[in-house]
Amino acid sequence: MPRGAFQFETTAAGELANSATNVETLRRLWMHHSLIIGEDLGPGDRGDFDIGAWHVACHLAGAGAVRRTRDGALVWLEISHDPLRDEYYSSASVRRGSTADTLRLDSAEARTLLDGSTLLGFVEGNSTGRTSSRAVNDPPDRFNLWRRQDFDQAIASPDDGGKVWEHWCTLRDIRPANRIGTSVLTAYVSLAAAAGDRFLPTVARGRRDYGHPIQLAAMIYAGLTTARAATWKITPVEIPRPVEPLLLEAQPVRAVEAIHRLPWGRTPQYFMFARRIKSWSKVKDVEADLKKYAGQFQA
């Protein structure tokens, strides 16, 4: 059933559908040149939003989700990098003995693994540390002068880096002809469908600046998510300091180790890094934002 002003496709259960149509609708939304304009797009250089996504997109693409299978295994869902093709795909990683297997989320094996699973929650993407794309060498003109290799930082470095900045780069060009940007959009729709409607707004609520509040309101208006999903009562939990380095590695095998060390509860939780956890948007903040921006958007 279509949802919102942009008519995003949903499943029978009312969740975002994993479909090619939704990839194209997401592209149209994040490239819309009148829905979000000016400073509301977020900080950036000249030209960053001409053919690129809104600022919130890099945070959304960098985050992950966790599900528990019927037999009790923890599964890490994220956007992973394929080094052979230099493209991105949605993945499901699960512990197998002393290591972890990473499956393509849209594969039959991954669908079987997740059948009947339950959602445990979400994990913020890293804005420092390593990127998931190792040994890439982007030319300066690929992503409006942004290069992924410049954000592959040491684990202990306080400098901007990690998967969030990696996808700030990849999402500077999301035109259909750009295979890297298109692969990220495709992977994100698949990931968001598997993680549920609360995934996107929860991650977006992690910042009160960079235009995230109005961008979240616009995504609700468009039908990418819902006001109900954006206003669920949750308080983020700080990622324990010993677990942070595992997530800063930006590798599935380390992330699987990390999620086994996080204190999951009976209800879904959101784990954030300590550095920006105070930027969280409470329910009253989101409700005020939605009231403030009501009637402002036009498809």
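Details of the structure are given in the entry above.
Peer 1: Describe the pairing of strand β9 (residues 269-272), naming the residues involved and giving the relevant values.
Peer 2: Sheet faces and side chains relate simply in a regular strand, where the side chains alternate between the two faces. Neither face of β9 is open: one carries Gln 269 and Phe 271, the other Tyr 270 and Met 272, and all of them are buried. Sheet analysis places strand β7 (residues 118-123) next to β9, joined by 3 bridges and oriented parallel. Residue pairing for β9: Val 123 is matched across the bridge by Phe 271. In terms of strand pairing, strand β8 (residues 237-238) meets β9 through 2 bridges, oriented parallel. Looking at the pairing, Val 237 lines up with Phe 271 of β9.

Peer 1: Explain the packing of aromatic side chains to me, using residue names and the numbers behind them.
Peer 2: For the coordinates displayed, the defined rule picks out 11 aromatic pairs. Summarising the aromatic geometry, the rings of Tyr 221 and Phe 297 are spaced 5.5 Å apart at their centres and angled 40° between planes, so their arrangement reads as tilted. Placement of Tyr 221 in helix α7 (residues 212-222) and of Phe 297 in the segment after α11 (283-293) is noted, with a sequence separation of 76 residues between them. Residue classification places Phe 297 among the buried positions, given a relative accessible area of 10%. Through a chain of ring-to-ring contacts, three or more aromatic side chains come together here, namely Phe 49, Trp 146, Phe 151, Trp 165 and Trp 168. The cationic tip of Arg 104 hangs over the ring face of Tyr 89; the distance from NZ or CZ to the ring centre is 3.9 Å. Of note, Arg 172 hangs over the ring of Trp 168, and the distance from its end group to the ring centre comes to 3.8 Å.

Peer 1: Please provide a residue-by-residue account of helix α5 (residues 179-195), values included.
Peer 2: The periodicity of an α-helix, 3.6 residues per turn, causes residues three or four positions apart to be oriented the same way. The terminal C-alpha atoms of α5, which comprises 17 residues, lie 24 Å apart, in line with the 24 Å expected from a rise of 1.5 Å per residue. Counted residue by residue, α5 has 13 buried out of 17 residues, so it is predominantly covered. The opening residue of α5, the one whose side-chain oxygen lies 3.1 Å from the backbone nitrogen of Ile 180, is Asn 178. Positioned one or two residues after α5, Gly 196 has a phi angle of 95°, which is positive.

Peer 1: I'd like a rundown of unusual backbone geometry, residues and numbers included.
Peer 2: One non-glycine residue, Asp 86, lies in positive phi territory at about 50°. Note that Asp 86 resides in the loop between β4 (74-82) and β5 (87-96). Notably, Ala 135 is not glycine yet its phi reads approximately 65°, a positive angle. Along the chain, Ala 135 turns up in the loop between β7 and α4 (162-170).

Peer 1: Outline the pattern of salt bridges, listing residues and values.
Peer 2: Under the defined criterion, the tally for this structure stands at 20 salt bridges. For Asp 115, the salt bridge is made with Arg 70, and the minimal N-O distance between the two is 3.8 Å. Placement of Asp 115 in the loop between α3 (108-114) and β7 and of Arg 70 in the loop between β3 (64-68) and β4 is noted, with a sequence separation of 45 residues between them. Since its relative accessible area comes to 64%, Arg 70 is described here as exposed. Of the charged contacts, one joins Arg 148 and Asp 86 as a salt bridge, the two residues approaching to 2.9 Å between their closest N and O atoms. Separated by 62 residues along the polypeptide, Arg 148 in the loop between β7 and α4 and Asp 86 in the loop between β4 and β5 bring together distant segments of the chain. With a relative accessible area of 0%, Arg 148 lands in the buried category. The exposure class assigned to Asp 86 is buried, which follows from its relative accessible area of 13%. A single network of salt bridges, built from pairs that share partners, joins Asp 86, Asp 138, Arg 142 and Arg 148.

Peer 1: Describe in detail the packing of helix α1 (residues 20-30) against α5, supporting the description with residues and values.
Peer 2: How two helices pack is summed up by the angle between their axes together with the distance between the axes. The geometry of α1 relative to α5 is characterised by a closest axis approach of 9 Å and an angle of 115° between their N-to-C directions. Of the two possible hands of crossing, α1 and α5 adopt the one that is right-handed. Across the interface between the two elements, Asn 22, Val 23, Leu 26, Arg 27 and Trp 30 of α1 pack against Thr 182, Leu 185, Thr 186, Tyr 188 and Val 189 of α5. Broken down by class, the residue content of the contact of α1 with α5 amounts to 6 nonpolar, 3 polar and 1 charged.

Peer 1: So what about the pairing of β3? Which residues, and what values?
Peer 2: In terms of burial, β3 is largely enclosed, as 4 of its 5 residues are buried. Two elements, β3 and β7, share 5 bridges in a ladder whose sense is antiparallel. In the strand pairing of β7, Gly 64 is matched with Val 123. Across 4 bridges, the pairing between β3 and β4 is antiparallel. Opposite Arg 67, over in β4, you have Val 75 as the bridge partner. Hairpin connection from β3 to β4: 5 residues lie between these consecutive antiparallel strands, with Gly 72 at a positive phi of about 95°.

Peer 1: Which residues make up the packing of α7 against α11, and what values go with them?
Peer 2: Between α7 and α11, the least distance of the axes is 9 Å, while the angle of their chain directions is 70°. What the angle tells us is that α7 and α11 run roughly perpendicular. Listed contacts from α11 to Pro 213, Ile 214, Leu 216, Ala 217 and Ile 220 of α7 are Val 286, Asp 289, Leu 290 and Tyr 293. Counted by class, the contact of α7 with α11 contains 8 nonpolar, no polar and 1 charged residues.

Rules used throughout
- Residues numbered from 1 in each chain as written.
- Predicted model: local features only at pLDDT ≥ 70, side-chain atom pairs only at ≥ 80, totals over all residues.
- Heavy atoms only, no water.
- Buried < 20%, exposed > 50% of the residue type's maximum accessible area, 1.4 Å probe, protein only.
- Helix = DSSP H or I, 4+ residues; strand = E, 2+ residues; numbered from the N terminus.
- Pairing = 2+ DSSP bridges.
- Phe/Tyr/Trp six-rings, centres within 6.5 Å; stacked < 30°, edge-to-face > 60°.
- Lys NZ or Arg CZ within 6 Å of the ring centre and 35° of its normal.
- Expected span 1.5 Å × (residues − 1).
- Polar contact = N/O pair within 3.5 Å; in protein donor to acceptor, adjacent residues only side chain to side chain.
- Salt bridge = Lys/Arg side-chain N within 4 Å of Asp/Glu carboxyl O.
- Axes fitted to C-alpha atoms, helices over the stretch in contact; angles between N-to-C directions.
- Left-handed = near helix turned anticlockwise from the far one by under 90°.
- Contact = heavy atoms within 4.5 Å.
- Nonpolar A, V, L, I, M, F, W, Y, C, P; charged D, E, K, R; others polar.
- Parallel < 35°, antiparallel > 145°, perpendicular 65-115°, else oblique.

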